[in-house]
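A structural walkthrough
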Amino acid sequence: MSASSLVAETIWKEIESTRTVNDDQLWTLHFLFGKNFEGAARIVDQRGVSKISAHPSGRFIFQVTGESRRKDHYLCFAENFCACYSFFYDVVNRGEQLCCKHQLAARLAVSLGSYAEAKVSDEELAVLLSKI
């Protein structure tokens, strides 16, 4: 894990413990993630993150609303994957970003406890995942 990832992880845990974010934390996250963090914060402010949990397994994935006019929805795992173009281009292919704004929005929403919840069956989650 990179030093930047370790710093970010520490901040996520601090935010999660208080369910609030202070100016120093915002500044550090913006320094680490730049414009992606700005977009993530807007998405969270607009209540654009949903956690889809499967029963009975407890597995889950996030559905994050994009910022384009089309308001596309992207399925993502906050720490490992997003189905958006930016994830593949900027994160995987070019390695210029640690993660995309949808992953950041999911992580910020979890840390703040600010997301909608949807419950589905394990079979329904499997169908969702098969479409990625």
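Residues numbered from 1 in each chain as written. Predicted model: local features only at pLDDT ≥ 70, side-chain atom pairs only at ≥ 80, totals over all residues. Heavy atoms only, no water.

Within an unreviewed UniProt entry, the label attached to the chain reads SWIM-type domain-containing protein, and the organism entered is Flemingia macrophylla.

Topic: the packing of aromatic side chains
Inspection of the entire model under this criterion finds seven aromatic pairs. Here the aromatic rings of Trp27 and Phe31 are separated by 5.5 Å at their centres, their planes lie at 10°, and the arrangement is stacked. Placement of both Trp27 and Phe31 in helix H2 (residues 23-33) is noted, with a separation of four residues, approximately one turn of the helix. Summarising the burial analysis for this pair, Trp27 and Phe31 share the class exposed. Here the aromatic rings of Phe62 and Tyr115 are separated by 6.3 Å at their centres, their planes lie at 90°, and the arrangement is edge-to-face. (Phe/Tyr/Trp six-rings, centres within 6.5 Å; stacked < 30°, edge-to-face > 60°. Helix = DSSP H or I, 4+ residues; strand = E, 2+ residues; numbered from the N terminus. Buried < 20%, exposed > 50% of the residue type's maximum accessible area, 1.4 Å probe, protein only.)

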